[in-house]
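So the chains spell out like this:
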Amino acid sequence: MEWNLIYKIFGLLFFSELAYFKVADRLNIIDKPNKRSSHERITLLGGGVVFYFGVLLYSIWFNVPYHWYFAGLTLIAGISFLDDIRPIPSKIRLVFHFAAMMLMFQEWGLFSGTPLWYILAGLIFCTGIINAYNFMDGINGLTGVYSFVIILVLEYINTQIVHFIDSAYLGTVLISLAVFIFFNFRKNAKCFAGDVGSVGIAFIILFALGKLILVTKDPSYLIVLAVYGVDTILTIVHRIMLKENILEAHRKHAYQLMANELKMPHVLVSSIYAAVQALIIAGYFIFTDFRWLYFACVIAVLSIAYVIFMRKYFKIHVKAMEAKQTTLKRDFI
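What counts, and where the lines are drawn
- Residues numbered from 1 in each chain as written.
- Predicted model: local features only at pLDDT ≥ 70, side-chain atom pairs only at ≥ 80, totals over all residues.
- Heavy atoms only, no water.
- Salt bridge = Lys/Arg side-chain N within 4 Å of Asp/Glu carboxyl O.
- Buried < 20%, exposed > 50% of the residue type's maximum accessible area, 1.4 Å probe, protein only.
- Phe/Tyr/Trp six-rings, centres within 6.5 Å; stacked < 30°, edge-to-face > 60°.
- Helix = DSSP H or I, 4+ residues; strand = E, 2+ residues; numbered from the N terminus.
- Lys NZ or Arg CZ within 6 Å of the ring centre and 35° of its normal.
- Axes fitted to C-alpha atoms, helices over the stretch in contact; angles between N-to-C directions.
- Left-handed = near helix turned anticlockwise from the far one by under 90°.
- Contact = heavy atoms within 4.5 Å.
- Polar contact = N/O pair within 3.5 Å; in protein donor to acceptor, adjacent residues only side chain to side chain.

What about the pattern of salt bridges?
Phase 1 of the analysis: According to the stated counting rule, one finds 5 salt bridges in the structure shown.
Phase 2 of the analysis: Here Arg239 makes a salt bridge to Glu244, at a shortest N to O gap of 2.8 Å.
Phase 3 of the analysis: Lys252 is the salt-bridge partner of Glu244, the closest N and O atoms lying 3.0 Å from each other.
Phase 4 of the analysis: For Lys252, a relative accessible area of 10% gives the class buried.
Phase 5 of the analysis: One network of salt bridges, with partners in common, ties together Arg239, Glu244 and Lys252.

Describing the packing of aromatic side chains
Phase 1 of the analysis: This structure, assessed with the given rule, holds 32 aromatic pairs.
Phase 2 of the analysis: Judged by centre distance (5.5 Å) and plane angle (35 degrees), the ring pair of Tyr58 and Phe62 falls under tilted.
Phase 3 of the analysis: On the basis of relative accessible area, Tyr58 is assigned to the buried category, the value being 1%.
Phase 4 of the analysis: Summarising the aromatic geometry, the rings of Tyr58 and Tyr169 are spaced 5.6 Å apart at their centres and angled 75 degrees between planes, so their arrangement reads as edge-to-face. One end of the pair, Tyr58, is in helix H2 (residues 49–61); the other, Tyr169, is in helix H7 (residues 167–184), and 111 residues separate them in sequence.
Phase 5 of the analysis: Ring pairing ties together the aromatic residues Phe10, Phe14, Phe15, Tyr20, Phe21, Phe81, Phe182 and Phe183, which thus form one cluster.
Phase 6 of the analysis: Its end group placed over the ring of Phe182, Arg186 keeps NZ or CZ at 5.4 Å from the ring centre.

A look at the packing of helix H4 (residues 90–108) against helix H5 (residues 116–135)
Phase 1 of the analysis: Between H4 and H5, whose axes approach to 10 Å, the crossing angle comes to 120 degrees. Relative to H5, H4 is oriented so that their crossing is right-handed. Taken together, the residues of H5 that come into contact with H4 (itself represented by Leu94, His97, Phe98, Met101, Met102, Phe105 and Trp108) are Ile119, Gly122, Leu123, Cys126, Thr127, Ile130 and Asn131.

Concerning the side chain of Glu261
Phase 1 of the analysis: Along the chain, Glu261 falls in helix H10 (residues 254–261).
Phase 2 of the analysis: Taking the relative accessible area as the measure of exposure, Glu261 reaches 12% and is therefore buried.
Phase 3 of the analysis: Only 3.4 Å separates the side chain of Glu261 from the side chain of Arg251, close enough to count as a polar contact.

Okay, structure coming up:
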């Protein structure tokens, strides 16, 4: 993609984001801090809609449309945006997520001779990835910089190792992420991604990653989601052990403890997550002849690190939550 074209796309997406801010401000589409939040300021919500704008612009500009995929993205981004404005029951959201995934499967060509149980397993797995990505969107910068690393790596693979998707698609997504990072990767974010952003970028990444795996027949490329995956899965396991409702909002992810209880700057925590994921991917390319052994070692090391971290610092979270509950009861009385 030529620099002149990059500038044009960046400018269009930048001003579309500014236009959205005007709409969000007028319609009062905001995120108000609550006891489970990791921020203290009222902030515009839904800034991640620029990811959808990016794919829309790509579809129009380059005339290389993925019709079924784009329909799925529109469906899942639409229901997520409505959820940002007014909470929608999880069962209804899940129906839309399944429908969107089925449209993506059609784009991937999975309905041609693929056993039904493969389809069902893939539907559950992929929808789980999308929702896990949404769970990890809780502090300034995390969704933006982590996703930027993944898309950048996929672009490298696409141009240097195996061609699996139109490079202009990945390039346009990178530009949309750069626009969002400009407004979000800061101490006082101008906007949050919202569900439309976190779910939308998860769907966008999953489409490209799925195409890569289908072309290479190598699921080990899932290592690009290793950090998010370990944090999400082990946090769910932890909450089950605590006998909590895993569908309710919480502040028990490792990144949340780092930002809230350890008072680490959001941009620092986000940078650590992105940097660790980048180093893991670099190692994957170095040890490519032993990729599955490397994959297993990475998951093991991340899991051990998570457990050690939680054993050391989770008690601080418990004390903080107990103090908040005591304050709330006192204020109520």
